[in-house]
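# Reading the structure
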Amino acid sequence: MTAKKKSETRARRASAIPDAALLFLEYYYPIHYQAGIGVEDALRGGLLNRHQVAMLWLIHSEGREGREMNRKAIERSLESWFEISGAAITKALRAMAMPPLELVQLVEDPRSGREKIVRLTAKGEVHMKKMIAGGEAYVQRIVDHMSDEEIRQGLHFFKRISEIVAGFRQE
């Protein structure tokens, strides 16, 4: 699609629902800071900080077989989500590798002696299952107040938002 056509499409969409962007913005913060933080707290389970939860979720959702991920890939993702340094990431990973947590192990990448692979331990895999169950239970409390059609629409909406935002990274 050419830049002109994209601009025309945006203009048409903007006029179809007046103030759509402002209305979305008005709902965004309550969703992010009330529902989103609630989900995050459920995932944290009182044990981990939000950066550690994000690291485990990255490994689960984007890592090889949901069990391991290159440390640099974790760092790149987290830097785009949070204002966090490489040193802070290393500190959080080391804390998750040491007792009493022992959720991950840091192993040398066979392709590069300088790079590490972050791998879930057996205890980490069990923790991930519990973490996901806690998050799912929290979200279920929300879903329980929705009709099947609202659920379908919500899932479609979140999927589209994810696709659109992923496209921004490619522009």
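What comes next concerns the included structure. Note that this is a predicted model, so its numbers are computed, not measured. (Residues numbered from 1 in each chain as written. Predicted model: local features only at pLDDT ≥ 70, side-chain atom pairs only at ≥ 80, totals over all residues. Heavy atoms only, no water.)

## Let's talk about the packing of aromatic side chains
Taken as a whole and assessed by the stated rule, the structure comprises 5 aromatic pairs. Seen in terms of ring centroids, Phe24 and Phe157 are 5.7 Å apart; in terms of plane orientation they differ by 5 degrees. Their pairing is stacked. Taken together, the residues span a long stretch of sequence, with Phe24 in helix 2 (residues 20-44) and Phe157 in helix 7 (residues 148-170) at a distance of 133 residues. Taking 5.4 Å as the distance between ring centres and 10 degrees as the angle between the ring planes, the aromatic pair formed by Tyr29 and Tyr33 counts as stacked. Here Tyr29 pairs with Tyr33, and both are found in helix 2, just 4 residues apart, close to one helical turn. (Phe/Tyr/Trp six-rings, centres within 6.5 Å; stacked < 30°, edge-to-face > 60°. Helix = DSSP H or I, 4+ residues; strand = E, 2+ residues; numbered from the N terminus.)

## Some thoughts on the sheet that holds strand 1 (residues 68-70)
Ordered in space as 1-3-2, the 3 strands form an open sheet in which the pairing is antiparallel. Here the strands that pair on one side only, and so sit at the sheet edges, are strand 1 and strand 2 (104-109). Mean inter-strand twist for the sheet, computed between neighbouring axes without regard to direction, equals 30 degrees. Pairing between strand 2 and strand 3 (residues 112-120): 6 bridges, direction antiparallel. Within strand 3, the residue paired with Glu108 across the bridge is Lys116. Strand contacts of helix 4 (residues 71-81): strand 1 and strand 3, with the helix running at about 75 degrees to strand 1, the strand carrying the most contacts. (Pairing = 2+ DSSP bridges. Axes fitted to C-alpha atoms, helices over the stretch in contact; angles between N-to-C directions. Contact = heavy atoms within 4.5 Å.)

## Section: helix 5 (residues 86-97)
The terminal C-alpha atoms of helix 5, which comprises 12 residues, lie 16 Å apart, in line with the 16 Å expected from a rise of 1.5 Å per residue. Those residues of helix 5 not exposed but buried are Gly86, Ile89, Thr90, Ala92, Leu93 and Met96. The buried residues of helix 5 occupy one face: seen down the axis, they fall within an arc of 165 degrees. Facing away from the buried side of helix 5 by over 90 degrees, the exposed positions are Ala87, Lys91 and Arg94. Structurally, helix 5 contributes buried residues whose contacts are with helix 3 (50-62), helix 4, strand 2 and strand 3. (Expected span 1.5 Å × (residues − 1). Buried < 20%, exposed > 50% of the residue type's maximum accessible area, 1.4 Å probe, protein only. Arc of directions from axis to C-beta.)

## Some words on helix 4
Each full turn of the α-helix corresponds to 3.6 residues, which orients residues three or four apart in the same direction. By the burial criterion, the buried members of helix 4 are Arg71, Ala73, Ile74, Glu75, Ser77 and Leu78. Those residues of helix 4 hidden inside the fold are in contact with helix 3, strand 1, helix 5 and strand 3. The backbone nitrogen of Lys72 has a side-chain oxygen 2.8 Å away, supplied by the residue at the start of helix 4, namely Asn70. (Polar contact = N/O pair within 3.5 Å; in protein donor to acceptor, adjacent residues only side chain to side chain.)

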